[in-house]
Amino acid sequence: MLEILPKVARLQASYVLGKPLALPINLTVSVSYRCNSRCKTCNVWQRPNDDFTLDEYDRTFASLGRAPYWFTFSGGEPTLRKDLPAIVASAYHHCRPGIINIPTNGIQDKIIPTHIEQILQAAPASEVIVNLSLDGIGEKHDQIRGVDGNFERAMRTYAGLKALKASYKNFTLGVHTVISNFNIDDFEDIYHFVKNELQPDSFISEIAEERVELDTVGTGITPSIGLYQPAIERVQEGMRQSQPVGVSRITQAFRDRYYDLVKRTLVEQRQVIPCLAGVASAQIAPNGDVWTCCIRAESIGNLRDFDYDFGATWRTAKADALRRSIKAGECYCPLANAAYTNMLCHPYTVASVVLEVGQRTRANMLKKYRRTPPGRMLPVVSINQK
Ligand code: SF4
């Protein structure tokens, strides 16, 4: 994790100067629009397919070198691609990312755990995070995601994935909930089900956004702040009372700040902290178009036109124009993927996380010390000793 600090400094300089001095550390690779879900919050499956081949990905990843620290392989449903393990292995071979993140709907319960195990074996030095999508419990989940039996299959996939945890230390199993107008009233039940029954390593929720990529602009899926705020604040309260250990203390502190950012973005309707999409983060669409982010989904160039050289695509005039537009605050959104990189590049946010984690660690140590019965601190002396 510490190795990204010099990269962050270059990205901050890129943002200030308005020139790309480095390639993005956070890259989302959408491997296909094909999807076997029919979610009420997404129409991406209706888009035409023109997917990159494995060879095209291999050439692109070679051009990126060690720049990306965090890869997300998304879709559509990424596990529908039979060559997903090979695509991830190629990214690992060329880029050695610290984090590989894969969301899944969990429908292919017989295939997904096997493919994830292949990925875990192919990327032993990366933290592989698989996030199972869960937007409701039982039939409610099936209704929102438009597939009968989805919940049962997702639970079988979850069990299959959980079994991998005993063998792979680099595996984080998470649950991801999209909070939309279809499930905002059930959100607390979902949260408690996940926390008490599934007990994943992490739980993330993201507010449903209207995205060009998902063809959902104007669909009214985003809950109002009046509905979202009380629901998310109860979750935040639960998080703050928990006792995470190790790296989870840091990820939880960032997550807490992310939820604050979402609330403020909904109310203030502006970039609450500077957005470094197009500088620190980017997305590659299935056909090789490079986007600064999936909300705007405006191409800065297609990798096929630049001989699969990501750097050349990154330095186009179109890319510079988009960066200027973003920096001028001509857009705002609560997109989680971009927001986490934005926070990492925002000195005030990083400082507040470091301070909080330090204070919580100290408080926990003091609590542990005070819990120790005073008598146990003294040497045991038997009065019968001769
Ligand atoms: S604020 Fe949102 S829409 Fe604008 S560039 Fe950043 S991620 Fe994209």
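These numbers come from a predicted model, not from an experiment.

1. With respect to the overall build of the chain
Here comes step 1: Each helix and strand in the chain was counted, giving 13 helices and nine strands.
Here comes step 2: Relative to its length of 386 residues, the chain is compact, with a C-alpha radius of gyration of 22 Å against a globular reference of 21 Å.
Here comes step 3: Its C-alpha atoms give the chain principal-axis dimensions of roughly 90 × 50 × 45 Å.
Here comes step 4: Classification of the 386 residues of the chain by burial places 44% in the buried group.
Here comes step 5: Within the chain, residue pairs in contact and separated by at least 24 positions form 76% of the contacts whose partners lie at least 6 positions apart.

2. Considerations on the site of the ligand
Here comes step 1: Neighbouring the ligand are 13 residues; C275, C293, I295, C331 and C333 lie closest to it.
Here comes step 2: Looking at the shell around the ligand residue by residue, the classes come out as ten nonpolar, two polar and one charged.

3. Re the UniProt feature "domain: Radical SAM core" (unreviewed entry) in the chain
Here comes step 1: Sites flagged by UniProt as "domain: Radical SAM core" (unreviewed entry) map to residues 21–248.
Here comes step 2: Split by type, residues 21–248 is 38% helix and 17% strand. Its first and last C-alpha atoms lie 31 Å apart.

4. A word on the pairing of strand β2 (residues 70–74)
Here comes step 1: Most of β2 sits out of view: five of its five residues are buried.
Here comes step 2: Side chains of β2 alternate between two faces, with W70, T72 and S74 and F71 and F73 buried alike.
Here comes step 3: Examined bridge by bridge, β2 and strand β3 (residues 99–104) share three bridges and lie parallel to one another. From the neighbouring strand, F71 faces β3, where its bridge partner is I100.
Here comes step 4: In terms of handedness, the path from β2 via helix α3 (residues 84–95) over to β3 forms a crossover that is right-handed.

5. Quick look at the pairing of β3
Here comes step 1: A large share of β3 lies buried, amounting to five of its six residues.
Here comes step 2: Both β3 and strand β4 (residues 127–133) contribute to a ladder of six bridges, which runs parallel. Bridge assignment links N101 to a residue of β4, and that residue is I129.
Here comes step 3: Between the parallel elements β3 and β4, the chain passes through helix α4 (residues 112–122) in a crossover that is right-handed.

6. Side note on the packing of helix α9 (residues 248–268) against helix α12 (residues 336–344)
Here comes step 1: Axis separation between α9 and α12 bottoms out at 10 Å; the angle between their running directions is 115°. Both α9 and α12 take part in a crossing whose hand is right-handed. Packed against α9, whose contacting residues are F254, R257, Y258 and L261, the element α12 presents A336, A339, Y340 and M343 at the interface.
Here comes step 2: Looking at the contact of α9 with α12 residue by residue, the class counts come to seven nonpolar, no polar and one charged.

7. Side note on the nonpolar core
Here comes step 1: Of all hydrophobic cores here, the largest spans 87 residues; its most connected members are L11, F73, V88, V128, V130 and L276.
Here comes step 2: At six residues, the largest contribution of residues to this core is made by α3.
Here comes step 3: What V128 contacts, discounting residues up to four positions off in sequence, is I100, I119, L120, A123, N170 and F171.
Here comes step 4: If you look at the next biggest cluster of nonpolar residues, it comprises nine residues, including C35, C42, V44 and L214.

8. Topic: the environment of F193
Here comes step 1: Considering the arrangement of structural elements, one finds F193 in helix α7 (residues 187–198).
Here comes step 2: Filtering out sequence-adjacent residues up to four positions away, F193 remains in contact with I137 and L198.

9. Things to note about the sheet that holds β2
Here comes step 1: With mixed pairing, the nine strands of this open sheet are ordered in space as β6-β5-β4-β3-β2-β1-β7-β8-β9. Looking at strand neighbours, the two that pair on one side only are β6 (202–207) and β9 (299–302), the edges of this open sheet. Sheet twist, expressed as the mean angle between neighbouring strand axes with direction ignored, is 25°.
Here comes step 2: In the packing of helix α6 (residues 150–164) onto the sheet, the strands contacted are β4 and β5 (171–179), and the crossing angle to β4 comes to about 160°.

Thresholds, definitions, all that
Residues numbered from 1 in each chain as written. Predicted model: local features only at pLDDT ≥ 70, side-chain atom pairs only at ≥ 80, totals over all residues. Helix = DSSP H or I, 4+ residues; strand = E, 2+ residues; numbered from the N terminus. Rg over C-alpha atoms; globule rule 2.2 N^0.38 Å. Buried ≥ 20, exposed ≤ 12 C-beta atoms within 10 Å, placed from the backbone. Contact = placed C-beta atoms within 7 Å. Near = placed C-beta within 6 Å. Nonpolar A, V, L, I, M, F, W, Y, C, P; charged D, E, K, R; others polar. UniProt positions renumbered as here; feature names shortened; annotations may be inferred. Pairing = 2+ DSSP bridges. Right-handed = clockwise from strand over helix to strand, strands pointing away. Axes fitted to C-alpha atoms, helices over the stretch in contact; angles between N-to-C directions. Left-handed = near helix turned anticlockwise from the far one by under 90°. Core = buried A, V, L, I, M, F, W, Y, C linked by C-beta atoms within 7 Å.

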